[in-house]
Amino acid sequence: MSDSNWFRLVLVGAVVVGAIIRFSYIMNFPSISPTVISGDGVEYYFGAIRLAHGQGYTSTGFLGEAGKPEAHHPPGWVSVLAVVSALGHDDVTSHQIFSALIGLCVIVIIGLIGRRVFGPESGAIAACIAAIYPGFWVLEAQVLAEPLTLLLVGLTIRALYRFNEKTCLPRALEVGFFVGLAALVRSEQLAFLILLPVILWQASDIDLRQRVLFGLAAVGCTVLVLSPWAIYNSNRFVEPVFLSSNSGTALLVGNCNLTYEGESKGFWNRGCVTKHVKMDDIVEDKSVMDSLARERAIEQIQGNLDKLPSTIAARFGRALGVYRPTHTVEEVAKWQGIKTWPIWAWIGMFWFLLPFSIGGAFAAVREKVYILPLVVPVLVSLGVITLFFGEPRYHTIADLSFTVLAGYGAMKFLRLFNKNKEPLLSAS
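Residues numbered from 1 in each chain as written. Predicted model: local features only at pLDDT ≥ 70, side-chain atom pairs only at ≥ 80, totals over all residues. Heavy atoms only, no water.

### A look at the overall build of the protein
- A tally of regular secondary structure across the protein gives 19 helices and 0 strands.
- By its C-alpha atoms, the protein is 75 × 60 × 55 Å across when sized along the principal axes.
- Counting over 428 residues, the protein shows a buried share of 54%.
- Nonlocal contacts in the protein, meaning residues at least 24 apart in sequence, comprise 75% of its contacts between residues at least 6 apart. (Helix = DSSP H or I, 4+ residues; strand = E, 2+ residues; numbered from the N terminus. Buried < 20%, exposed > 50% of the residue type's maximum accessible area, 1.4 Å probe, protein only. Contact = heavy atoms within 4.5 Å.)

Rendered as structure tokens:
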């Protein structure tokens, strides 16, 4: 059997295992899944129903008066879920199942990236890791935006590799298109554009004019994808809203005295908003509220510069599950409306995964394998945790890269015990 057939067989097996885990969890068999969704998942779920029923992108009432213009999140995920609702599947379980199906596609894209970058053995192992990794299927069951973000980030990484292999206009447009789609789900994914100048600078088969043309084409394509949402918001809010009206509030909940010290250090606390934004200052327009929250957050940061180093360290400790882990797990489980064991399983497997990821990264650098597209999601996660707050969810997008690198690291580790040094998936 050829290496290609072996890879396909393992990839199918990984998807089957992933499906069994995800649907067992969602369908509460045996009594292990969340009975409700909570947190942002509620907003996505009811927002999708409102959109499907012709009420537009408006508040569900959980974050303000129902029916008011809403852009708390970028529109990508709620728009996709609205299609599910429009087809007559308004129940939570249907949305969870659809999210899990997206998660199965994530398994495939991780396997394909691993094969493209490191070969079929590494890709197969990476797909198997993705199938069982709790950091993926826990969030799928909560109807959060991460599954679709992971899929689009995977497609963006694939497009970047294709662009690096052949620097041409169609592939520049492909990169811009997928970056735009990813940003419509999670706005921080715009950071992928920073890799364009590096690729264009390294390209030896094009001249300066083509470098400029391809770079502008990619950025222009991204802007084109984002512009309908930005134009739509231009007359709905007082302040400009490009992708979402939540960045200021998110910054404030992680930046005040309540999160610089005490029980919530390094985490988030809604008290930061109620403490520093007076009720008289709260207005109906979400963009004004967001701008005000951002101002308050910047004031808090500037007034507590001496506390930031230890707070940032605590944020990373929270995200990695090593600083006040019990408090972090309990708060995350409460926010998501689930039991604590899936979060503990997530943290535990992350730490099992990390040494293989680091080993894979070092091996790739030593062997001069091009891994810059895999580095970007890690840098984005580092930036988000540094600026906002720490919890395991905030390294989920980086987990895609960690999983791919872990596939390579695990393959290298297994070969240490392979005396003949033959491929793990050898033709027969």
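### Considerations on the nonpolar core
- Membership of the largest hydrophobic core comes to 118 residues, with the highest contact counts inside it found for Ile 110, Phe 118, Ile 343 and Leu 374.
- Contacts of Ile 343, omitting those with residues within four sequence positions, involve Val 138, Val 329, Val 332, Ala 333, Gln 336 and Ile 338. (Core = buried A, V, L, I, M, F, W, Y, C linked by side-chain atoms within 4.5 Å.)

### Focus: the packing of helix α15 (residues 308–320) against helix α18 (residues 372–387)
- Relative to each other, α15 and α18 sit at 125 degrees, their axes nearing to 8 Å. Between α15 and α18, the interaxial angle falls into the category oblique. In this structure, α15 crosses over α18, and the sense of that crossing is right-handed. Contacts between α15 and α18 pair Ile 312, Arg 315, Phe 316 and Ala 319 from the former with Leu 382, Ile 385, Thr 386 and Leu 387 from the latter.
- Looking at the contact of α15 with α18, its residues break down into 6 nonpolar, 1 polar and 1 charged. (Axes fitted to C-alpha atoms, helices over the stretch in contact; angles between N-to-C directions. Parallel < 35°, antiparallel > 145°, perpendicular 65-115°, else oblique. Left-handed = near helix turned anticlockwise from the far one by under 90°. Nonpolar A, V, L, I, M, F, W, Y, C, P; charged D, E, K, R; others polar.)

### Re the pattern of salt bridges
- Tallied over the entire structure, the rule returns 14 salt bridges.
- Between Lys 286 and Glu 70 there is a salt bridge; the shortest N-O distance is 2.8 Å. Here Lys 286 is found in helix α14 (residues 286–303), whereas its partner Glu 70 is found in the loop between α2 (40–52) and α3 (76–86), with 216 residues between them in sequence. Exposure class is identical for Lys 286 and Glu 70. Each is buried.
- Each of Asp 40, Glu 146, Arg 186, Glu 188 and Arg 393 takes part in salt bridges that share partners, so that together they form one network. (Salt bridge = Lys/Arg side-chain N within 4 Å of Asp/Glu carboxyl O.)

### Overview of the state of the cysteines
- The final tally for this structure, using the stated rule, is 1 disulfide.
- Sulfur-sulfur distance for the disulfide between Cys 256 and Cys 272 comes to 2.1 Å. Taking the torsion about the S-S bond as the criterion, the Cys 256 to Cys 272 disulfide, at about -70 degrees, is left-handed. Of this pair, Cys 256 sits in the loop between α11 (247–253) and α12 (257–260) while Cys 272 sits in helix α13 (residues 271–276), and the two are 16 residues apart along the sequence. Side by side, Cys 256 and Cys 272 carry an identical accessibility label, which is buried.
- The thiol sulfur of Cys 105 is not disulfide-bonded, and the nearest other cysteine sulfur, from Cys 128, lies at 17 Å.
- Free of any disulfide, Cys 221 has its nearest cysteine sulfur in Cys 168, 13 Å distant. (Disulfide = S-S within 2.5 Å.)

### Considering the environment of Asp 90
- Tracing the chain through its elements places Asp 90 in the loop between α3 and α4 (92–118).
- By relative accessible area, Asp 90 is classed as partly exposed at 24%.
- Between the C-alpha atoms of Asp 90 and Ala 48, which are 42 residues apart in sequence, the distance is 8.7 Å.
- Setting aside chain neighbours within four positions, we find Asp 90 in contact with Tyr 45, Ile 49, His 53 and Ser 85.
- Among the polar contacts made by the side chain of Asp 90, one reaches the side chain of His 53 at a distance of 3.2 Å. (Polar contact = N/O pair within 3.5 Å; in protein donor to acceptor, adjacent residues only side chain to side chain.)

### Some words on helix α16 (residues 325–336)
- Over its 12 residues, α16 runs 16 Å from end to end, which matches the ideal 16 Å to within 8%, given 1.5 Å per residue.
- What α16 keeps buried is the set His 327, Thr 328, Val 329, Val 332, Ala 333, Trp 335 and Gln 336.
- Gly 337 sits one or two residues past α16 and shows a positive phi near 75 degrees. (Expected span 1.5 Å × (residues − 1).)

### Some words on the packing of aromatic side chains
- Here the structure, examined in full by the defined rule, presents 18 aromatic pairs.
- With centroids separated by 5.8 Å and ring planes inclined at 65 degrees, the aromatic side chains of Tyr 57 and Tyr 232 adopt a geometry described as edge-to-face. Pair noted here: Tyr 57 is in the loop between α2 and α3 and Tyr 232 is in helix α10 (residues 208–233), with a separation of 175 residues, a long-range link.
- Their ring planes at 80 degrees and their centres at 5.8 Å tell us that Phe 356 and Phe 413 sit as a pair that is edge-to-face. Note that Phe 356 is positioned in helix α17 (residues 341–366) and Phe 413 in helix α19 (residues 396–415), a separation of 57 residues in sequence.
- An aromatic cluster of three or more residues is present, and its members are Tyr 25, Trp 137 and Trp 341. (Phe/Tyr/Trp six-rings, centres within 6.5 Å; stacked < 30°, edge-to-face > 60°.)

### A few points about unusual backbone geometry
- One non-glycine residue with positive phi stands out, namely Val 143, at about 55 degrees.
- Assignment of secondary structure puts Val 143 in the loop between α6 (134–141) and α7 (146–165).
- Residue Val 143 is classed as buried on the basis of its relative accessible area of 0%.
- Even without being glycine, Arg 324 reaches a positive phi, approximately 45 degrees.
- Locating Arg 324 in the fold gives a position in the loop between α15 and α16.
- Judged by relative accessible area, which is 35%, Arg 324 ranks as partly exposed.

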